[in-house]
Every structure is written in C-alpha cells, then in structure tokens.
Amino acid sequence: GGALSAANQSSDELTKARIADSQGDLSTALTHYQKAIELDPQSVEARTYAAWLIIRNGNQTDRPAQVAVGIDLLRGAISLDAGYADAHCLLGVSLAKFATPPDPVAARPELETCMSNNPPAIVKQLVTPVLQSIDAVTPPGAATP
C-alpha cells in the first residue's frame, strides 16, 4: 500500500472518530483521531479535532493543564495549515471559553480568521455566540498587544 492507502485509512479513522464523538464517546473518538494522525501526520483535520477533544475533555473534567495542552496542539495544527478555518475557530473558542484564565483578546483574531475562511455551518454555530460574548467585553478593533 502506498501513501494513498494511508491517507484513505486515515480518512476512515476520521469518520469513525466523528461518529464516536457525535455519540459522546470521547475516548473512542480520541483513539481514532490519534490513529488518523499516525497514518497521516499531515492531517490538519485529525490534529485539529484531536486537540479539540482534549480541550473539551479537560474542561469537562476540570483539568486546566489538559486544556492548555490541547490549545498548544491546536496551534501546532495551524502551523501545518494556516488556511484551515476549523483550527482557528476552535482555538478562538477554546481561548475565550476554556482557557485558564480566558483570553478573549487572543481569541478574537482567531475567531475573525475563522469566519473569514468560511468555516462549516456547524462550526459557525459554535463561533457566533462566542464572538458576540467577546464583543460585549472587548469591542471590535480594541487594541491588541
């Protein structure tokens, strides 16, 4: 099997991960995301969603250190492909909502990049309320460090 089959297998793992995630089975989903990354280390989607899962799980289990790890992993995914909207979206949401302490100022440019890259509708639904809550705290165009 050549590179194509690895990418195909990786894509199968992504599908399985999404199904497990939608069923609320985070540990199975993460296992599949990690397999997808092993099969295709350049898979920005697998890296992004594995990181997002780690962040959500860290948030649910009240482990800020785990959330921080996930945020670093999201930044790593962005460094692989800065044009992938979802990674910016999820990083922005994570910084605004899940980071300790929350960082709406750092979140805003990520969320704006996300929206300008035309993210999927389901991601947009996640980002819009977060952007609105940030707007309430830091108006658009507020000074960023």
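Caption draft 1: Fine view of the pattern of salt bridges. This model, assessed by the stated rule, comprises four salt bridges. A salt bridge links arginine 18 to glutamate 45; the nearest nitrogen and oxygen atoms lie 2.3 Å apart. Of the two residues, arginine 18 sits in helix H1 (residues 3–22) while glutamate 45 sits in helix H3 (residues 44–60), which places them 27 residues apart along the sequence. Note that aspartate 135 is salt-bridged to arginine 108, the shortest N-O span being 2.7 Å. Here aspartate 135 is found in helix H7 (residues 121–137), whereas its partner arginine 108 is found in helix H6 (residues 104–116), with 27 residues between them in sequence. In this structure aspartate 135 comes out as partly exposed when scored by relative accessible area, which is 31%. A network of salt bridges, in which partner residues are shared, links Arg108, Glu112 and Asp135.

Caption draft 2: Spotlight on the state of the cysteines. By the definition in use, this model includes one disulfide. A sulfur-sulfur separation of 2.0 Å characterises the disulfide bridge that pairs cysteine 89 with cysteine 114. On the S-S bond that ties cysteine 89 to cysteine 114, the torsion sits near 90°, and the link is right-handed. Of this pair, cysteine 89 sits in helix H5 (residues 85–98) while cysteine 114 sits in helix H6; the two residues are 25 residues apart in sequence, bridging distant segments of the chain. Neither cysteine 89 nor cysteine 114 differs from the other in exposure class; each is buried.

Caption draft 3: The side chain of serine 10, seen in detail. Its location among the elements puts serine 10 in helix H1. Apart from the residues lying within four places of it in its own chain, the contact partners of serine 10 are Ala36, Leu39, Asp40 and Ser43.

Caption draft 4: Summary view of the packing of aromatic side chains. The tally for this structure, following the rule as stated, stands at two aromatic pairs. Here tyrosine 33 and tyrosine 49 contribute two aromatic rings whose centre-to-centre distance is 6.5 Å and whose plane-to-plane angle is 25°, an arrangement assigned as stacked. On the criterion of sequence distance, the pair formed by tyrosine 33 in helix H2 (residues 26–39) and tyrosine 49 in helix H3 is long-range, its members being 16 residues apart. Judged by relative accessible area, which is 16%, tyrosine 49 ranks as buried.

Caption draft 5: Up close: the nonpolar core. Counting 41 residues, the largest nonpolar core has Tyr33, Tyr49, Ile71, Val93, Leu111 and Val127 as its most contacted members. Elements with a minimum of two residues in this core: H1, H2, H3, helix H4 (64–80), H5, H6 and H7. Beyond its immediate sequence surroundings of up to four residues, isoleucine 71 is in contact with Ile55, Leu91, Ser94, Leu95 and Ala99.

Caption draft 6: Up close: H6. Here H6 is 13 residues long and its end C-alpha atoms lie 18 Å apart, about the 18 Å a rise of 1.5 Å per residue gives. The set of residues buried in H6 consists of Ala107, Arg108, Glu110, Leu111 and Cys114. Buried residues belonging to H6 abut H4, H5 and H7. Residue asparagine 118 follows H6 closely and has a positive phi angle near 55°.

Cut-offs and rules
- Residues numbered from 1 in each chain as written.
- Predicted model: local features only at pLDDT ≥ 70, side-chain atom pairs only at ≥ 80, totals over all residues.
- Heavy atoms only, no water.
- Salt bridge = Lys/Arg side-chain N within 4 Å of Asp/Glu carboxyl O.
- Helix = DSSP H or I, 4+ residues; strand = E, 2+ residues; numbered from the N terminus.
- Buried < 20%, exposed > 50% of the residue type's maximum accessible area, 1.4 Å probe, protein only.
- Disulfide = S-S within 2.5 Å.
- Contact = heavy atoms within 4.5 Å.
- Phe/Tyr/Trp six-rings, centres within 6.5 Å; stacked < 30°, edge-to-face > 60°.
- Core = buried A, V, L, I, M, F, W, Y, C linked by side-chain atoms within 4.5 Å.
- Expected span 1.5 Å × (residues − 1).

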